[in-house]
Amino acid sequence: MPKRLILLLLFLLGIGNVAAEAQPATPGTFETKAAQAFMIEASTGTILLAKSEDQPISPASLAKLMTLDVVFNAVGRGEISLDTEYPVSENAWRTGGAPSRASTMFAALKSRVRVGDLIQGVAVQQANDGCIVLAEGMSVSEREFARRMTARAREIGMARATFTNSTGLPDAENPTGGGKVSMRELVTLAQDLQQKHQDLYKYFGQADFTWNKIYQRNKNPLLLLNIGIDGLGLGFADGEGFSIVASVERDGRRLFLALGGLKSDKDRTEETRRVLEWGLSNFKSQRIFAAGEVIGDASVYGGARSTVGLLAKTPVDVYVPADTPDRLSARIVYRWPLTAPVAEGYAAGTLRVFLGARLVRELPLYTKESVAQGTLGRRALDAFMELTESLLFSWLWDKPLPS
């Protein structure tokens, strides 16, 4: 009896098992004071910490990271250069400059400032005037630039984030500041800044910057902790507390972290250090599938063959607790049916890797080879099977992994 028919009969008899999707959760061995948290290991994409990671909060000054991502992308595409100059309007000077008594690079009214210097002002000093000058220079108005920020967020995988201005300062649309964004999305943003714009990312770790004859140290005190932090930024919103996006690299291992809802600046510094030290000291890398290794099979309807192998294009590594007793398992998810003809390299499904009940990694799977259309009789049989199997929305395959 064909394997597909056996599986269908088991399901109809109530014996088959379609496992429920597990949700990310903070491991029982570690708790954070943050109200929201998300941390991943960069090379594997393994989720190390997740707590209310999709809850939207006001970005506050962390909106400036999105401003810089738009600018970095424009420089990379040749739309502007580091030597492009923009004028300092009265709005930029009054709202974000010296009269504002907030974070500023003290850009002089009606002067012109290079993009390279504006980037340093924002990355090092979280300069509000620098953000507004960039926004007005690149998009005529800050409101139009904010729409560009939100569009750029979608391009890099921030599915729900919105931005209303370049600085994160409170405005009429968002009294707490700058739009809405989640911890998961902030980590996505940090990855884009560090991985795609390494030549400009270095400014986040610059110790100081002088402009208009005024010397200022980097406003990120975490750079002085000597644990490998090299960026990115801090935020605060009334009613929502203190937040941070940080990246650390040590011994060839890079982590990205976003924390929100902390009660004080001191809590933010101490908790960031504690979480990062835990992530750097208590995990090991483990390979579970090699690049190109067939991980499982997907059923094909109307094809010359009834199944096709699924594989990952890169090695599947995970970053797991060094002393965990939890079992690693993997599940393949794909939507019924794959209909012939199927091309080689078709993105057919997703591999989800779990540590116990906790989802730690997710990546796409591709067909190993092409499957041609089958004979008329084969297609007729498969059409009957497809009609019956439409009772299933998707198939999840469970496989224990080596410990």
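Rules used in this analysis
- Residues numbered from 1 in each chain as written.
- Predicted model: local features only at pLDDT ≥ 70, side-chain atom pairs only at ≥ 80, totals over all residues.
- Heavy atoms only, no water.
- Salt bridge = Lys/Arg side-chain N within 4 Å of Asp/Glu carboxyl O.
- Helix = DSSP H or I, 4+ residues; strand = E, 2+ residues; numbered from the N terminus.
- Buried < 20%, exposed > 50% of the residue type's maximum accessible area, 1.4 Å probe, protein only.
- 1 Å grid on protein atoms, 1.4 Å probe; cavity = no way out; pocket = protein on both sides within 12 Å on 5 of 7 lines; lining within 4 Å.
- Points joined across faces, edges and corners; volume = space filled by probe spheres on them.
- Nonpolar A, V, L, I, M, F, W, Y, C, P; charged D, E, K, R; others polar.
- Domains from an automatic or database assignment.
- Pairing = 2+ DSSP bridges.
- Axes fitted to C-alpha atoms, helices over the stretch in contact; angles between N-to-C directions.
- Phe/Tyr/Trp six-rings, centres within 6.5 Å; stacked < 30°, edge-to-face > 60°.

Draft legend 1. Highlighting the pattern of salt bridges. Taken as a whole, this structure holds 23 salt bridges when the rule is applied. With a closest N to O distance of 2.7 Å, E144 and R147 form a salt bridge. On the criterion of helical spacing, the pair formed by E144 and R147 is a turn pair, its members being three residues apart in helix α6 (residues 142-155). Take R147: its relative accessible area is 49%, and that puts it in the partly exposed class. One network of salt bridges, in which partners are shared, links D69, R152, E155, D192 and K196.

Draft legend 2. Highlighting empty space enclosed by the protein. Summed over the entire model, instances satisfying the criterion amount to two cavities of 30 Å³ or more. For the largest cavity, the calculated volume is near 60 Å³. Lining the largest cavity, in full, are S61, L62, K64, L65, L68, V122, A123, Q126, F204, L232, G233 and L234. Among the elements of the structure, α2 (63-76), α4 (115-125) and β9 (229-237) are those that each provide at least two residues to the lining of the largest cavity. Its residues assigned to classes, the lining of the largest cavity shows eight nonpolar, three polar and one charged. The computed volume of the second largest cavity comes to approximately 40 Å³.

Draft legend 3. The arrangement of the layout of surface pockets in detail. Of the pockets and cavities examined, the largest pocket occupies roughly 520 Å³. Around the largest pocket, the lining comprises 24 residues; the ones closest to its centre are F38, G157, R184, T188 and Q191. Going through the elements one at a time, β1 (36-41), α7 (183-196) and β19 (358-367) are the ones with two or more residues in the lining of the largest pocket. Counted by class, the lining of the largest pocket contains 10 nonpolar, seven polar and seven charged residues. Formed jointly, the lining of the largest pocket draws a minimum of three residues from each of two domains, domain 1 (36-283) and domain 2 (290-391).

Draft legend 4. Fine view of the sheet that holds strand β10 (residues 241-250). Spatial ordering of the open sheet is given by β2-β1-β11-β10-β9, a layout of five strands whose pairing is antiparallel. Looking at which strands have only one partner, the edges of the open sheet turn out to be β2 (47-51) and β9. Each strand axis lies, on average, 5 degrees off the axis of its neighbour in the sheet, ignoring direction. Relative to strand β11 (residues 253-262), β1 runs antiparallel, the two being bridged by six bridges.

Draft legend 5. Just the packing of aromatic side chains, in detail. Summed over the entire model, instances satisfying the criterion amount to seven aromatic pairs. Ring geometry for F72 against F204: centres 6.4 Å apart, planes inclined by 65 degrees, an arrangement best described as edge-to-face. Here the residue F72 occupies a position in helix α2, and F204 occupies one in the loop between α8 (198-201) and β7 (208-211), the gap between them amounting to 132 residues. Each member of the pair, F72 together with F204, is buried. Ring centres of F283 and Y319 lie 5.3 Å apart, and the angle between their planes is 20 degrees; on these two criteria the pair is classed as stacked. Remark: Y319 occurs in strand β15 (residues 316-321) and F283 occurs in strand β12 (residues 283-289); sequence separation between them is 36 residues. The same class applies to F283 as to Y319, namely buried. These aromatic residues form a ring-pair network of at least three members: F30, W278, F283 and Y319.

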